[in-house]
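Descriptive structure summary
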Amino acid sequence: MERILQRWYDMISIRSVNGHEAQMADYVANVLRELGMDPHYSYFEEDTACERPSVWSVLDSGRPGKTVLLIGHLDTVDVSDRWKTDPFTPTEIDGKVYGRGAMDMKGGLAAILETLTYYAAHLDEINGKILACFVADEEGLSKGTYQLVAEDVIHADYAIMGECRYDNVAVGFRGRYSFEVTVHGQTAHASHYPEVGENALISGGRLAAAIEALPTLQYPHLKHGTWCVRYMEGGNPGTLVVPEKCYLFVDRYVVPGETDEICIAQIMEAAEQLGLSGKVDVRLKPRKSPCDSNILAVSLGIPVVTFGPSGGNMHGDNEYGYAWQVKNCGEVYRRTVARLLSGEV
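Residues numbered from 1 in each chain as written. Predicted model: local features only at pLDDT ≥ 70, side-chain atom pairs only at ≥ 80, totals over all residues. Heavy atoms only, no water.

Turning next to the state of the cysteines. As enumerated under the stated definition, the model contains zero disulfides in all. Cysteine Cys133 shares no disulfide, and the gap to the nearest cysteine sulfur, in Cys291, comes to 15 Å. For Cys133, a relative accessible area of 0% puts it in the buried group. The thiol sulfur of Cys246 is not disulfide-bonded, and the nearest other cysteine sulfur, from Cys228, lies at 15 Å. (Disulfide = S-S within 2.5 Å. Buried < 20%, exposed > 50% of the residue type's maximum accessible area, 1.4 Å probe, protein only.)

A few words on the pattern of salt bridges. The full count for this structure, using the stated rule, is 15 salt bridges. For Lys279, the salt bridge is made with Glu198, and the minimal N-O distance between the two is 2.9 Å. Placement of Lys279 in the loop between helix H6 (260-273) and strand E13 (280-284) and of Glu198 in the loop between strand E8 (175-184) and helix H5 (200-212) is noted, with a sequence separation of 81 residues between them. A relative accessible area of 26% places Lys279 in the partly exposed class. (Salt bridge = Lys/Arg side-chain N within 4 Å of Asp/Glu carboxyl O. Helix = DSSP H or I, 4+ residues; strand = E, 2+ residues; numbered from the N terminus.)

So, about helix H1 (residues 3-12). Of all ten residues in H1, seven are buried, a share of seventy percent or more. Buried positions along H1 lie against helix H2 (22-34), strand E4 (91-93), strand E5 (96-98), helix H3 (106-121), strand E16 (320-321) and helix H8 (323-340). (Contact = heavy atoms within 4.5 Å.)

A separate point is the side chain of Asn318. Tracing the backbone through its elements, the reader meets Asn318 in the loop between strand E15 (311-312) and E16. At a separation of 2.8 Å, a polar atom in the side chain of Asn318 contacts the main-chain amide nitrogen of Lys84. Discounting residues that sit within four places of it in the chain, Asn318 has contacts with Arg82, Trp83, Lys84, Thr85, Tyr98, Gly312 and Asn313. (Polar contact = N/O pair within 3.5 Å; in protein donor to acceptor, adjacent residues only side chain to side chain.)

Take helix H4 (residues 143-150) next. Looking at H4, one finds that the buried residues are Gly144, Thr145, Tyr146, Gln147 and Leu148. For H4, the elements touching its buried residues are strand E1 (40-42), strand E2 (54-60), strand E3 (67-73), strand E6 (129-135) and helix H7 (292-299). Residue Asp152 follows H4 closely and has a positive phi angle near 60 degrees.

Let us look at the environment of Arg165. Relative to the assigned elements, Arg165 resides in the loop between strand E7 (158-161) and E8. When near neighbours in sequence (up to four residues on either side) are disregarded, Arg165 contacts Ala170, Phe173, Thr306, Phe307 and Gly308. A polar side-chain atom of Arg165 sits 3.0 Å from the main-chain carbonyl oxygen of Asn168.

Let us look at the packing of H3 against H8. Contact pair H3 / H8: the axes reach a minimum separation of 8 Å and the direction vectors enclose 45 degrees. Between H3 and H8, the interaxial angle falls into the category oblique. Crossing handedness for the pair H3 and H8: right-handed. Listed contacts from H8 to Gly107, Gly108, Ala110, Ala111, Ile112, Thr115, Tyr118 and Tyr119 of H3 are Val326, Cys329, Gly330, Tyr333, Arg334, Val337 and Ala338. (Axes fitted to C-alpha atoms, helices over the stretch in contact; angles between N-to-C directions. Parallel < 35°, antiparallel > 145°, perpendicular 65-115°, else oblique. Left-handed = near helix turned anticlockwise from the far one by under 90°.)

In this section: the packing of aromatic side chains. Applying the stated criterion across every chain yields a total of eleven aromatic pairs. With a centroid separation of 6.2 Å and 80 degrees between ring planes, the pair formed by Phe307 and Tyr333 is classed as edge-to-face. Pair noted here: Phe307 is in the loop between strand E14 (304-306) and E15 and Tyr333 is in helix H8, with a separation of 26 residues, a long-range link. Of the two residues, Phe307 and Tyr333, neither departs from the other in class, the shared state being buried. Between the aromatic rings of Tyr322 and Trp324, the centroid separation amounts to 6.0 Å while the plane-to-plane angle is 40 degrees, which identifies the pairing as tilted. Relative accessible area serves as the criterion here: at 45%, Trp324 is assigned to the partly exposed category. Of the aromatic side chains, those joined through ring pairs into one cluster are Tyr98, Tyr166, Phe307, Tyr320, Tyr322, Trp324 and Tyr333. Positioned above the aromatic ring of Tyr320 is the side chain of Lys96, whose terminal nitrogen or guanidinium carbon lies 4.5 Å from the ring centre. (Phe/Tyr/Trp six-rings, centres within 6.5 Å; stacked < 30°, edge-to-face > 60°. Lys NZ or Arg CZ within 6 Å of the ring centre and 35° of its normal.)

Note on strand geometry: in a regular strand, side chains alternate between the two faces of the sheet. E6 sits mainly inside the fold: six of its seven residues count as buried. With six bridges connecting them, E2 and E6 associate as antiparallel partners. In the sheet register, Trp56 faces E6, and the bridge partner there is Cys133. Sheet analysis places E3 next to E6, joined by seven bridges and oriented parallel. Looking across to E6, one finds that Gly72 is bridged to Phe134. (Pairing = 2+ DSSP bridges.)

Take it as geometry only, folks, not as evidence of what the structure does.
Spelled out as structure tokens, the structure:
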């Protein structure tokens, strides 16, 4: 098996579900050491047990020039029991390689490592530096990338994010808001309901459906905004009480022209139309940036292209990727780095 594909298979075989990135970090660090590079571990503040590292390293040509950042994330989302194959045993069926992270985004990591492998042996072909960052918690709150920013690690003239966008290269992303919505009802003894009491779960369910039907704006190249009710909770199965509160966690991806104030007003209008006026509270959950690419572009001002091997069923059961895309991305990264670090750009 070709080296780039073997590494892809190796990494799919490592269970690096968000919160458990350490084994993947060690794998990447060992590859970097084999290339003669010096891997550095970074831990975000909440990781007091030092169990969720990011890894970064620099490949320096020894000559003045620009810096290209190659970046990807170590973590994946979790798996269910509905897979038709073992999600941590890469399995090829009809040209598709199945496994958690096969698409998002261990193929991109393999392409980054292959690029580093080439230039570690051909430093004479570039000027300047390649900064490589392999970050934790991208599937969560991007704490790994934020920590590298806090440690002043990331300085680059250009960046390639190896996320799974093969035939839809991204030079920009939608913004994101998260809202915490609390729906209030009226508690009562369950045996007296519905004559007495108001079930916040029922009201919350009606509001959740109304939220997901709310309109969004459209914008060239970014398509449109979205609403997603990601989580609901309320009530107490251990007591005979009509639920007094229902909590909703709502994600809202936005395009230019959609602000948090507009989104909150939309939710409150939906509540009023359902007869829930005065019974709904909405809070914007503080959040710095919706994705690692936005951190690089917005917080650091680094021009970033998001491009990497893709596949299907991302974040779902039976995720898969394509070997030919992994190999092609390794070659595209290599050629792009050659162009950017030629001293002519």
